[in-house]
Number of protein chains: 2
Amino acid sequence: MNPINRLAIVGGIHGNELIGVYLVKKFQKYPHLINRNSFESLALLGNLQAILARRRYVDIDLNRCFIGDNLPATKSSIYEELRAKEIQAILQPENQEFVDVIIDLHTTTANMGLCIIIGNIHPLLLGLAAYLSAINPLVKVYIHQQARNSGFLRSLCQLGFSIEVGAVAQGTLDGELFKQTENLVYAVLDYFEDFNKGKNPLIQNSVTVYRASGVVNYPRNEDGDIAAMIHPQLQFRDYQPLYSGDPLFLTFESKEIFYEGESTVHPIFINEAAYYEKGIAMYLSQKELIHI
Amino acid sequence: MNPINRLAIVGGIHGNELIGVYLVKKFQKYPHLINRNSFESLALLGNLQAILARRRYVDIDLNRCFIGDNLPATKSSIYEELRAKEIQAILQPENQEFVDVIIDLHTTTANMGLCIIIGNIHPLLLGLAAYLSAINPLVKVYIHQQARNSGFLRSLCQLGFSIEVGAVAQGTLDGELFKQTENLVYAVLDYFEDFNKGKNPLIQNSVTVYRASGVVNYPRNEDGDIAAMIHPQLQFRDYQPLYSGDPLFLTFESKEIFYEGESTVHPIFINEAAYYEKGIAMYLSQKELIHI
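Residues numbered from 1 in each chain as written. Chains lettered and ligands numbered in written order. Predicted model: local features only at pLDDT ≥ 70, side-chain atom pairs only at ≥ 80, totals over all residues. Heavy atoms only, no water.

## A few points about the interface of chain A and chain B
Here comes step 1: On the chain B side, the residues contacting the 32 residues of chain A number 32 residues.
Here comes step 2: Of the roughly 2900 Å² buried between chain A and chain B, counting both surfaces, carbon and sulfur atoms make up 58%.
Here comes step 3: When residues of chain A are sorted by the area they lose upon contact with chain B, Leu173, Phe252 and Tyr276 of chain A head the list and together hold 19% of the total.
Here comes step 4: Across the chain A-chain B interface, the total number found is four salt bridges.
Here comes step 5: Where Glu253 of chain B meets Lys29 of chain A, a salt bridge forms, and the shortest distance between an N and an O atom there is 3.8 Å.
Here comes step 6: Scanning the region where chain A abuts chain B turns up twelve residue pairs in polar contact (both at pLDDT 80 or more).
Here comes step 7: Elements with a minimum of two residues in the side of chain A that touches chain B: helix 1 (18-29), helix 5 (175-196) and strand 8 (228-230) of chain A. (Contact = heavy atoms within 4.5 Å. Buried area = accessible area lost by both parts, 1.4 Å probe. Salt bridge = Lys/Arg side-chain N within 4 Å of Asp/Glu carboxyl O. Polar contact = N/O pair within 3.5 Å; in protein donor to acceptor, adjacent residues only side chain to side chain. Helix = DSSP H or I, 4+ residues; strand = E, 2+ residues; numbered from the N terminus.)

What follows is the structure, given as structure tokens:
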């Protein structure tokens, strides 16, 4: 495989996810923190207007706008479409892969801990996931396959992935999770530095992953409004097995709704604030061990 | 004292505080839940446009717009100024106190538990605070005195107060806190029903309160941006004593900043998302026992 020449760390693709915003500001102020001998690093803020407005986005979700189309967007009146083009012009000028790695920093109101989200199962990303899991047991790996240029920032390059940290409320910082995320970024940089230098950073030959297998929507009433809440027994229990018959929702009338699927699943993104507008209550995943 | 004739329960004065929004929707759908023999109850949603937009407010904070001025607001182009007039017209038509009690439902990202916020030290409110504290040890009482018609919804009438529940992320529901808040509202209704019937619901003659004594702003850098986070040792420790020398902040460079005040204080609203735009890190209070 070719060496890594350039790596980008992006924060604030969603303007109210502050850990990524303030980590990137720190890296911009102290670039030596992310410089490594064998590759160049750049730190970039994502949705500038949404960061100022302390909102996820202004017009539409920026993290659905990276469709690999480098036509000029000057005709668009949608801020995020313009900003996506600007970011693509920095990361992929001339439609070439200028950066080899993209680390996209996010937070979630779900209790996701330190989660690496991989959209493209590349051996170097699986090796990274194994490495990070081995050095920190709080790290979890979620595989949600998506096509190249499918709208997510991470889909812009082969070695693009997200770090999703929680639980943290939108619009707030959490000092402990800030430090843990920062250390995770440094571990990622060490991994690629070792790779470039021909060292094998792989310290175990398998990794536990959670592979996307479905989605659960909120129950709705006749007006289309949500009719139930995440069941208190499920709240904050991301990654834990959910068995047939386990409680899933509690209606506003205090009626319990149970999981009726036959297979055991592992819910993640339970009660993520940003998914209410889509009616999504959680994603489901299958836990598996991948040998690498 | 005069009997209570009408009581209003208001939710969604801030559009992204969902427990109040969905409790009010429930009470509007099932009015028998809040009906009592001796007084009339009404349930009202606050910031309708902000609820739709899943934001705290659209233009300005609605909970700073209740200034008791009943002039027509048709000239204003600020949504919240118009909506404040509409709400005042429902609660105080002809500038008279149509409702005797206002319960204003809020949530916070701070770990405030079930907090009653009293802006006006009225014996009936202190009795209510004592009653609620006695039947549920999770209830805390915060006294933040403010003038009549000072902008807060609760300042519209003598027996106005807020219920502030947390920690819960903006834009999310929490099933456990929803149930606890609902039960707290029923206990408030029981209290006023007992009062009207001449029963004395007072089951203890003192109440522990946290009285507002100050505010702590985030440290700033030369650009005016915040320069530190709530210290991890202080996060979620609302109401706990903070002694001189205790850690207060952690800068992004991992430097600790300590509390240097001489008197012991009890911080509340620690790391509330909505206060970042004002630069407020927490409020300070003095814990005291009031005999009633």
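After that view, the rundown keeps rolling.
## Comments concerning the domain arrangement of chain A
How big an interface is tends to be stated in terms of the accessible area lost upon association of its parts.
All names here are of chain A.
Here comes step 1: Each assigned domain of chain A is listed here: domain 1 (6-204) and domain 2 (216-278).
Here comes step 2: Put simply, the middle of domain 1 and the middle of domain 2, counted by C-alpha atoms, are 28 Å apart.
Here comes step 3: Every contact between the two is made by 15 residues of domain 1 and, on the other side, 13 residues of domain 2.
Here comes step 4: For the pair domain 1 and domain 2, the summed buried surface comes to about 1200 Å²; carbon and sulfur atoms form 54% of the total.
Here comes step 5: When the area that domain 1 buries against domain 2 is broken down by residue, the three leading residues are Thr109, Asn111 and Met112, summing to 38%.
Here comes step 6: Summed over the shared surface of domain 1 and domain 2, the result is zero salt bridges.
Here comes step 7: Counting across the interface, domain 1 meets domain 2 through eight residue pairs in polar contact (both at pLDDT 80 or more).
Here comes step 8: When residues of the side of domain 1 that touches domain 2 are traced back to their parent elements, those giving at least two are strand 4 (113-118) and strand 5 (139-143).
Here comes step 9: Considered class by class, the residues forming the side of domain 1 that touches domain 2 number seven nonpolar, four polar and four charged. (Domains from an automatic or database assignment. Nonpolar A, V, L, I, M, F, W, Y, C, P; charged D, E, K, R; others polar.)

## Some thoughts on the relation of the copies chain A and chain B
Here comes step 1: Placing chain A over chain B gives an RMSD of 0.0 Å and needs a rotation angle of 180 degrees, together with 0.0 Å of translation along the axis. What the rotation and shift describe, once combined, is the action of a two-fold rotation axis. Using C-alpha coordinates, one finds that chain A approaches the rotation axis most closely at Ala169 of chain A, a distance of 2.3 Å. (Least-squares fit on C-alpha atoms with pLDDT ≥ 70 in both.)

## A closer look at the sheet that holds strand 10 (residues 256-258) of chain A
All names here are of chain A.
Here comes step 1: In space, the three strands of this open sheet follow the order 8-9-10, with antiparallel pairing throughout. Bordering the open sheet on either side are strand 8 and strand 10, each of which pairs with just one other strand. With direction set aside, neighbouring strand axes in the sheet form an average angle of 35 degrees.
Here comes step 2: Across three bridges, strand 9 (residues 247-251) lies against strand 10 in antiparallel orientation. In the sheet register, Leu250 faces strand 10, and the bridge partner there is Glu256. (Pairing = 2+ DSSP bridges. Axes fitted to C-alpha atoms, helices over the stretch in contact; angles between N-to-C directions.)

## Some thoughts on the pairing of strand 12 (residues 280-291) of chain B
Residues and elements named next belong to chain B.
Here comes step 1: Examined bridge by bridge, strand 7 (residues 206-217) and strand 12 share eleven bridges and lie antiparallel to one another. By the bridge assignment, Val216 is partnered in strand 12 with Met282.
Here comes step 2: Bridging between strand 11 (residues 266-268) and strand 12 involves three bridges; their strand directions are antiparallel. For Ile268, the partnering residue across the bridge sits in strand 12 and is Tyr283.

## Thoughts on the packing of helix 4 (residues 123-135) of chain A against helix 5 of chain A
All names here are of chain A.
Here comes step 1: For the pair helix 4 and helix 5, the least separation of the axes is 10 Å and the interaxial angle reads 130 degrees. When the axes of helix 4 and helix 5 are compared, the pair comes out oblique. Crossing angle aside, the handedness with which helix 4 passes helix 5 is right-handed. In contact with Leu124, Gly127, Leu128, Tyr131, Leu132 and Ile135 of helix 4, helix 5 contributes Leu184, Ala187, Val188, Asp190, Tyr191, Phe192 and Phe195.
Here comes step 2: Taken together, the residues of the contact of helix 4 with helix 5 break down into eleven nonpolar, one polar and one charged. (Parallel < 35°, antiparallel > 145°, perpendicular 65-115°, else oblique. Left-handed = near helix turned anticlockwise from the far one by under 90°.)

## Remarks on the environment of Thr107 of chain A
Residue and element names in this part refer to chain A.
Here comes step 1: Mapped onto the elements, Thr107 comes out in strand 3 (residues 101-107).
Here comes step 2: In this structure Thr107 comes out as buried when scored by relative accessible area, which is 6%.
Here comes step 3: With 39 residues separating them in the primary sequence, Thr107 and Gln146 have C-alpha atoms 20 Å apart.
Here comes step 4: For Thr107, the contacting residues outside a window of four places in its chain are Glu17, Ile19, Glu164, Val165 and Val168. (Buried < 20%, exposed > 50% of the residue type's maximum accessible area, 1.4 Å probe, protein only.)

## Some remarks on the sheet that holds strand 2 (residues 40-45) of chain B
Across a sheet, strands are paired by hydrogen bonds formed along the backbone, either parallel or antiparallel in direction.
Residue and element names in this part refer to chain B.
Here comes step 1: The strand order across the open sheet built from nine strands is 2-1-3-6-4-5-7-12-11, with neighbouring strands paired in mixed fashion. Single-partner strands in this sheet number two, and they are strand 2 and strand 11. Shown here is a sheet whose adjacent strand axes are inclined to one another by a mean of 30 degrees, direction ignored.
Here comes step 2: Looking at chain direction, strand 1 (residues 6-11) and strand 3 (residues 101-107) are connected through five bridges and run parallel. Its bridge partner lying in strand 3, Leu7 is registered against Val101.
Here comes step 3: The sheet contacts of helix 3 (residues 79-91) involve strand 1, strand 2 and strand 3, and relative to strand 2 the element is tilted by about 170 degrees.
Here comes step 4: Together, strand 1, strand 2, strand 3, strand 4 (113-118), strand 5 (139-143) and strand 6 (159-166) form the strand contacts of helix 5 (residues 175-196), whose direction differs from that of strand 6 by roughly 160 degrees.

## Some remarks on the UniProt feature "binding site: substrate" (unreviewed entry) in chain A
Residues and elements named next belong to chain A.
Here comes step 1: When the UniProt feature table is mapped onto this chain, "binding site: substrate" (unreviewed entry) is found at Arg56, Asn63, Arg64, Glu164 and Tyr275.
Here comes step 2: Checked against the element boundaries, Arg64 lands in the loop between helix 2 (48-53) and helix 3 (79-91).
Here comes step 3: If near-sequence neighbours (up to four positions away) are discounted, Arg64 is found in contact with Arg56, Gly151, Phe152 and Lys278.
Here comes step 4: Turning to its location among the elements, Tyr275 is positioned in the loop between strand 11 (266-268) and strand 12 (280-291).
Here comes step 5: Using a relative accessible area of 9% as the deciding quantity, one classes Tyr275 as buried. (UniProt positions renumbered as here; feature names shortened; annotations may be inferred.)

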